[in-house]
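Descriptive analysis of the structure
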Amino acid sequence: MDQFIINGGARLRGVVPISGSKNAALPIMAATLLTEGETILRGVPLLDDVESLSVLLRKLGANARRDDDGAIRLRVEDEQNCVAEYELVRKMRASICVMGPLLARRHKAQISMPGGCAIGDRPIDLHLAGMENLGADVDLIGGDIHLRAKRLKGAEMFLGGPFGSTVLGTANVMMAACLAEGTTIIESAACEPEVADVANYLNACGARISGHGTPRITIEGVKSLKGCEYTIIPDRIEAGTFMMAAAITNGELTLTNCRMDHLLAVIDRLKAVGVNIERKDGGAVVSSARRLEPITVATQPFPGFPTDLQAQLMALLSLADGNSIITEKVFPDRFLHVAELNRLGARLRKEGQTVVIEGVRRLIGAPVMASDLRASAALVLAGLIAKGQTRISRVYHIDRGYEAIEKKLAAVGADIQRMAE
Ligand code: EPU
C-alpha cells in the first residue's frame, strides 16, 4: 500500500490540467453495453475505478482497451454473460450501472446487491423501482438481484427519494429506457452534468433523450444504438479540489479544461470565503486573499454545493477567521474525515448532519489515514498547509478518483511524495 508524505507550507503556483470526469466516464462506459459497433471515448481519466469497470465490462463480453493516445475503445463482442459478481460490485459501487444496459439489451441482469460503504448505507431501491416501472421482474436471491424483462415498456415515473434525486439511479433508468418500447418520463431526475453527459453520449449513439440537465427527462425508445466517438466532460470535482488547493496555500493556480458553468455553487461559496476566481480561456484562475472568511454551507444535489467537495471545503474552512457551519444533506454519514482533520489540529464538532468548524490559525502535520476518496483529498489539502510533515496512509482511496494527484500538485510547487508504506 502507498502513502503520501507531504511537507506543508508551499504556495502553489502554476497550471493544472483538469482530467475528464470520473463520474461521467463510468456510466458512459457502462452505456456502451447498449450499443452495437465501436465506441471511442476520449478524456477518460486514468484511474483505478476506470480499470475496475473495464474488468467488469470484459467479463460481460466487451473488448475494452486503451489506445496509446489515451482514448478508450469499447466494443461488445459477446452478449451471453449477464452477471456482475459481488467481488467487482463490492469494490466499486458504480458497477451497479451495468444493470440498466444489461436488462434493456440482454433482457436479464444479475447484479450483486451492493453493501454500504465508508460514506453511508447507499441503498439502490430507486434504481430497482425504476426498472420495475419499466416492466422488469425484480427478485433478491442469495444477495443477488435478478432482473428480467422480455421487452421493457416506457413509463412515467417519479424517481425522488428521501435525499432527493439519485445520480446513478437516473442514469441507470435512462439507459434502460433508451431501448424500451414507447416513451419514458423520469420526474425528479438528477440534474448533475454527469447525467447530462450520459444522455449526450447516448443521443450521439442514436437515442432520443430530451430534458437532461433538468428534473424531467423524456426518453423515446429506439430499436438500437450504434457506438460513436465521444469526449467526456471535465471533472468538476477535481477542479473544485484544486480551487481549494490554491485557496488553502494562498497560491495562484490556472485550471485548464475546467467548466465554470458546472461549478457555480462552488464558486459562489468560495468567493464568500474570499477566494478570487476569474474565467480564462475555457478555464479558471484561482487565487486567495490571505484572510479566509467563515461561511455556512449545505450540500445539495446539483446545482447545489456538491457533497463530493464537502470534505475538501471543511479542510479549507478549518483555517477561516471564525466559525463556519457545514450541513451534509446528500449522505448524512459522510464525515469520516472529521476525526482525521482534528488530528491535524482542526477544531471540528459534529452534531448530527452538521459540523461546526471553529477556525484555527494553523494546522500541524501528523500521521493520518485516508478513509474514502473525497476524505483523502481533504487530508491532502490540509497536509499542504500543515506545519511540518503529514503522512497519509491508504492512499489507494485517492487513486480511485484523482488522476496522478501528487504529480499535478508537485508540478505546481507542492512538496508531496508517494512512498510504499
Ligand atoms: N439513494 C436512495 N436510494 C437509491 C439511490 C440513492 O435513497 O436507490 C440516496 C442515497 O443514499 C443518497 C442520495 O440518494 O442519500 C443520493 O445518492 P445518489 O444515488 O445520487 O449517489 P450515487 O449515484 O450512488 C453518485 C456519485 C457519488 C456522489 C453522488 C451524489 C458516481 C460513480 N458516484 O453516487 O460520487 O457523491 O452521486 O452526487 O457517480 C465520489 O465520486 O466520491 C462519489 C461518492
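The shown structure was predicted, so the numbers you read here are calculated from the model rather than taken from an experiment.

Reading guide: rules and limits
Residues numbered from 1 in each chain as written. Predicted model: local features only at pLDDT ≥ 70, side-chain atom pairs only at ≥ 80, totals over all residues. Heavy atoms only, no water. Helix = DSSP H or I, 4+ residues; strand = E, 2+ residues; numbered from the N terminus. Buried < 20%, exposed > 50% of the residue type's maximum accessible area, 1.4 Å probe, protein only. Contact = heavy atoms within 4.5 Å. Areas by Shrake-Rupley, 256 points an atom, 1.4 Å probe, with all protein chains shown as cover. Near = heavy atom within 4 Å. Polar contact = N/O pair within 3.5 Å; in protein donor to acceptor, adjacent residues only side chain to side chain. Pairing = 2+ DSSP bridges. Axes fitted to C-alpha atoms, helices over the stretch in contact; angles between N-to-C directions. Parallel < 35°, antiparallel > 145°, perpendicular 65-115°, else oblique. Nonpolar A, V, L, I, M, F, W, Y, C, P; charged D, E, K, R; others polar. Domains from an automatic or database assignment. Buried area = accessible area lost by both parts, 1.4 Å probe. Salt bridge = Lys/Arg side-chain N within 4 Å of Asp/Glu carboxyl O.

The next subject is the overall build of the protein chain. When its secondary structure is counted, the protein chain shows 14 helices and 26 strands. In terms of principal-axis extent, the alpha carbons of the protein chain reach across some 65 × 45 × 40 Å. Across the 421 residues of the protein chain, 58% fall into the buried class. Put simply, of all contacts in the protein chain between residues at least 6 apart along the chain, 73% involve residues at least 24 apart. Split by element, the accessible area of the protein chain, about 16,500 Å² in all, is 48% carbon and sulfur.

Time to look at the site of the ligand. Among the 22 residues in the neighbourhood of the ligand, the closest are listed as Asp-125, Leu-126, Thr-166, Asp-308 and Val-330. Within the side chain of Arg-122, an N or O atom sits 3.0 Å from an oxygen atom of the ligand. In the model, a nitrogen atom of the ligand is placed 2.7 Å from a nitrogen or oxygen of the Asp-125 side chain. In the complex, the protein chains occlude 92% of the 830 Å² of accessible area that the ligand would expose alone.

Cis rather than trans, the peptide bond between Phe-302 and Pro-303 has omega equal to 10°. Structurally, Pro-303 is set in the loop between strand S20 (296–298) and helix H10 (310–317). If you check the backbone angles, Arg-394 has positive phi at about 60° while not being a glycine. Looking at the secondary structure, you find Arg-394 in the loop between strand S25 (389–393) and helix H13 (396–399). The exposure class assigned to Arg-394 is partly exposed, which follows from its relative accessible area of 35%. Notably, Ala-404 is not glycine yet its phi reads approximately 45°, a positive angle. Mapping Ala-404 onto the fold places it in the loop between H13 and helix H14 (405–411).

Once that is clear, we can look at the pairing of strand S22 (residues 347–351). When S22 meets strand S23 (residues 354–358), the two strands line up antiparallel, connected through five bridges. By the bridge assignment, Lys-350 is partnered in S23 with Val-355. If you look at the hairpin formed by S22 and S23, you'll find two residues sitting between the two strands, and Gly-352 has a positive phi there, around 60°.

For the rest of this paragraph, the subject is the packing of helix H8 (residues 236–248) against H10. Running from N to C, H8 and H10 point in directions that differ by 5°, and their axes come no closer than 10 Å. The angle between H8 and H10 places the two elements in the roughly parallel class. Every residue of H10 that contacts H8 at Ile-237, Thr-241, Met-244, Ala-247 and Ile-248 is listed here: Gln-312, Leu-313, Ala-315 and Leu-316. Across the contact of H8 with H10, the residue classes break down as seven nonpolar, two polar and no charged.

This next bit is on the sheet that holds strand S10 (residues 144–148). Ordered in space as S7-S8-S10-S9, the four strands form an open sheet in which the pairing is mixed. Edge positions in the sheet fall to strand S7 (83–84) and strand S9 (137–141), since each has one partner strand and no second. Two elements, strand S8 (residues 108–112) and S10, share five bridges in a ladder whose sense is antiparallel. Residue pairing across strands places Lys-108 opposite Arg-148, the latter belonging to S10. On top of the sheet, helix H4 (residues 99–106) reaches S8 and S10; it is set at about 155° to S8, its chief contact.

Tracing the backbone through its elements, the reader meets Lys-408 in helix H14. Within the structure, the side chain of Lys-408 is placed 2.8 Å from the backbone oxygen of Pro-17, a separation counted as a polar contact. When sequence neighbours within four positions are dropped, the list of residues in contact with Lys-408 reads Val-16, Pro-17, Ile-18, Ser-19, Glu-238, Phe-242 and Glu-403.

Its domain assignment divides the protein chain into domain 1 (2–19 + 234–420) and domain 2 (22–231). Centre-to-centre, using C-alpha coordinates, domain 1 lies 30 Å away from domain 2. At the junction of the two partners, domain 1 supplies 24 residues and domain 2 supplies 19 residues. Of the roughly 1,800 Å² buried between domain 1 and domain 2 on both sides combined, carbon and sulfur atoms contribute 54%. For the domain 1 face of the interface with domain 2, the top three residues by lost area are Phe-302, Arg-400 and Glu-403, together amounting to 31%. If you look at where domain 1 meets domain 2, you find two salt bridges.

Turning our eyes to something else, we now look at the pattern of salt bridges. Going through the model one piece at a time under the given rule, you end up with 25 salt bridges. Ionic pairing is found between Glu-187 and Arg-216, a salt bridge with its closest N-O pair at 2.5 Å. Here the residue Glu-187 occupies a position in strand S12 (residues 183–187), and Arg-216 occupies one in strand S14 (residues 216–220), the gap between them amounting to 29 residues. In this structure, Arg-291 engages Glu-293 in a salt bridge whose closest nitrogen and oxygen atoms are separated by 2.4 Å. Overall, the relative accessible area of 45% leaves Arg-291 in the partly exposed class. Through salt bridges with shared partners, a single network forms among Asp-2, Asp-399, Glu-406 and Arg-418.

Our focus in this paragraph is the environment of Arg-13. Along the polypeptide, Arg-13 turns up in strand S2 (residues 13–17). According to the relative accessible area criterion, Arg-13 is partly exposed, its value standing at 49%. Once the C-alpha coordinates of Arg-13 and Asn-257 are considered, the two residues, 244 residues apart in sequence, prove to be 17 Å apart. Residues in contact with Arg-13, not counting those within four places in the same chain, are Glu-252, Leu-253 and Val-412.

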